[in-house]
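# Commentary on secondary and tertiary structure
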Amino acid sequence: MIFIKYKNSLRWIMIVVSFVIVSLILWNTYEFFQNFKEEERVKMQNWSFAQKELNKTSDLNTDIGELPIEILQSNKTTPMIIVNQDGSYETNNIEEEKAKDSIYIKKLILKFQNEYRPIKVIYNNEVLSTIYYGNSPLLNKLKYYPLALLLIIFLFGAVIYFFYTSNKNAIQNKLWSGMAKETAHQIGTPLSSLIGWTEILKSENVNPNYIFEIEKDIDRLQTITERFSKIGSTTNLEPLDIVKETIDSYDYLKSRSSKLIDFNLSIPDDAIIVNLNKQLYSWTIENLVKNAIDAMKGRGKLTVEITQLENNVKINVSDSGKGILKKNFNKIFEPGYTTKKRGWGLGLSLTKRIIEDFHDGKIRVLHSEKDKGSTIQISLKRAT
């Protein structure tokens, strides 16, 4: 109980602590790198002193001693270029073939100058040579260590994020499935009662037209109950004529919508067979049409169009409403997103799930223009 109460605070504490730890690791790595560079500088200065001793003793024709030679021979990792007073150069720890390329050497000298300040070998107030040197292979590897560390942290964070979002979506889906099934169960009881009262009205010689309309609404409630009961369950698809199923949903909505809506239906003459779940597909069309009517505030032009392709069928639902901002094209299908004051933001997210998860199709905003309307397109595979 205490953990749940302070869950948000603990999350932020963990984030801050993780950030501090990562910052300390990066800072220590940087300090280590700088210290290593300083040691490299000291090593090269010692090397330059040994070089100076070599030049000094060569003038006097005396024995150079073991120490300078040992220092000169000990450096087997740091790449360097020694430019002599006459312009000639010598290289150390650079590939032999590359060392012969004067253009490459000039570029390398510029690179080394950016990495370290050149060291001059001075004897009797005269510059005998200039040593240009760069990072050793170990330093070059260490230089990219912070980037590798950041990449690992980023990948680790991405894994945690995807795990968190997938777990959150799973919980949401489970919650919605439970709510849907409970709603279906709650509707079932008064629906059974309404069916019984309808039979009583038939025996009371009530106007048959009234009973007919009541029965139509009871059938509609039964359809809605079936829809909710299928959420979270295995969905059975069967080959159906999508043209007929669309017309059925379209006609029902048209008869119960405002007369200020100009309904238009554009469909092919021939049947198009698609593997569908009848109840869920009609729910999809209903959600799209109702959202279009809301976008037009009950007044405007609404068009449902079916286009037949070789392997697919496209269903476009267009309105003349306020339009959708381009940045929200994908967001409108996210659970909880809504522009309505009293909306739950579930209609289009359920529509997306019905089309993509249950029917292996696609749904998207085809195009939209501010104050001119939007078109949402469903794409389904034709039955083979």
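You'll find the structure just up there.
Residues numbered from 1 in each chain as written. Predicted model: local features only at pLDDT ≥ 70, side-chain atom pairs only at ≥ 80, totals over all residues. Heavy atoms only, no water.

### Concerning the overall build of the chain
- Broken down by element type, the chain carries 11 helices and 11 strands.
- Counting the 384 residues in the chain, one finds 33% classified as buried.
- For the chain, restricting intrachain contacts to residue pairs at least 6 apart in sequence, the fraction spanning at least 24 positions comes to 67%. (Helix = DSSP H or I, 4+ residues; strand = E, 2+ residues; numbered from the N terminus. Buried < 20%, exposed > 50% of the residue type's maximum accessible area, 1.4 Å probe, protein only. Contact = heavy atoms within 4.5 Å.)

### Structural notes on the pattern of salt bridges
- Inspection of every chain in the model, using the stated rule, returns 10 salt bridges.
- One salt bridge in this structure joins Asp217 and Arg256, with 3.3 Å as the shortest N-O distance. With Asp217 in helix H8 (residues 208–230) and Arg256 in the loop between helix H9 (242–255) and strand S6 (261–266), this pair connects stretches of sequence that are 39 residues apart.
- Classification of Arg256 by relative accessible area gives partly exposed; the value is 36%.
- Between Lys244 and Asp248 there is a salt bridge, with its nearest N and O atoms 3.0 Å apart. You can see Lys244 and its partner Asp248 sitting in helix H9, four residues apart, about one turn around the helix. (Salt bridge = Lys/Arg side-chain N within 4 Å of Asp/Glu carboxyl O.)

### Some words on the sheet that holds S6
- Strand order across the open sheet formed by five strands is S6-S8-S9-S11-S10, with mixed pairing between neighbours. Here the strands that pair on one side only, and so sit at the sheet edges, are S6 and strand S10 (362–369). Sheet twist, expressed as the average angle between the axes of neighbouring strands with direction ignored, equals 15 degrees.
- Sitting on the sheet, helix H10 (residues 278–295) touches S6, strand S8 (300–308), strand S9 (312–319), S10 and strand S11 (373–381), and the angle it makes with S9 is about 25 degrees. (Pairing = 2+ DSSP bridges. Axes fitted to C-alpha atoms, helices over the stretch in contact; angles between N-to-C directions.)

### Some details on helix H11 (residues 347–358)
- End to end, H11 covers 16 Å across 12 residues, agreeing with the expected 16 Å (1.5 Å per residue, within 8%).
- When H11 is considered as a whole, its buried residues turn out to be Leu348, Ser349, Leu350, Thr351, Arg353, Ile354, Ile355 and Phe358.
- Within two residues after H11, Asp360 carries a phi angle of roughly 55 degrees, on the positive side. (Expected span 1.5 Å × (residues − 1).)

### Quick word on a nonpolar patch on the surface
- A contiguous nonpolar patch, built from Leu10, Ile13, Val17, Ile21, Ile25 and Tyr145 and spanning about 510 Å² of accessible area, is present on the exposed surface.
- Ranked by residue count, the leading element in the nonpolar patch is helix H2 (residues 7–60), at five residues.
- One can find Tyr145 in helix H7 (residues 145–203). (Patch = residues over 30% accessible without salt bridge, like charges linked within 9 Å, V, L, I, M, F, W, Y side chains within 5 Å. Areas by Shrake-Rupley, 256 points an atom, 1.4 Å probe, with all protein chains shown as cover.)

### Digging into the packing of aromatic side chains
- Tallied over the full model, the rule gives two aromatic pairs.
- A ring pair is formed by Tyr116 and Tyr133, whose centres lie 4.5 Å apart and whose planes are at 25 degrees; its orientation type is stacked. On the criterion of sequence distance, the pair formed by Tyr116 in the loop between helix H5 (102–115) and strand S3 (119–123) and Tyr133 in strand S4 (residues 126–133) is long-range, its members being 17 residues apart. No difference in accessibility class separates Tyr116 from Tyr133, as the two residues are buried. (Phe/Tyr/Trp six-rings, centres within 6.5 Å; stacked < 30°, edge-to-face > 60°.)

### Describing H9
- Look at H9: 20 Å from first C-alpha to last across 14 residues, which is about the 20 Å you get at 1.5 Å a residue.
- Here H9 has its buried residues at Ile242, Val243, Glu245, Thr246, Ser249, Tyr250, Tyr252 and Leu253.

### Digging into the sheet that holds S4
- Here we have four strands laid out as an open sheet, ordered S2-S1-S4-S3, and antiparallel in their pairing. One side of each edge strand has no neighbouring strand; the edge strands of this open sheet are strand S2 (89–92) and S3. Neighbouring strand axes in the sheet, compared pairwise and without regard to direction, differ in orientation by 20 degrees on average.
- H5 contacts strand S1 (80–84), S2 and S4 of the sheet and is inclined by roughly 105 degrees relative to S1.

### Considering the nonpolar core
- Membership of the largest hydrophobic core comes to 34 residues, with the highest contact counts inside it found for Ile242, Val289, Leu302, Val313, Ile315 and Leu380.
- A total of six residues in this core trace back to one element, the largest contributor, which is H10.
- Those residues in contact with Leu380 that lie beyond four places of it in its chain are Ile242, Val274, Leu276, Tyr281, Asn311, Asn312, Val313, Ile315, Ile355, His359 and Gly361. (Core = buried A, V, L, I, M, F, W, Y, C linked by side-chain atoms within 4.5 Å.)

### Structural notes on the pairing of S8
- With six bridges joining them, S6 and S8 adopt parallel strand pairing. Looking across to S8, one finds that Asn264 is bridged to Thr303.
- Note that S8 and S9 share seven bridges and pair antiparallel. Each residue of the ladder has a partner; that of Ile306, found in S9, is Ile315.
- Between S8 and S9, which pair antiparallel and follow one another directly, the connecting turn spans three residues.

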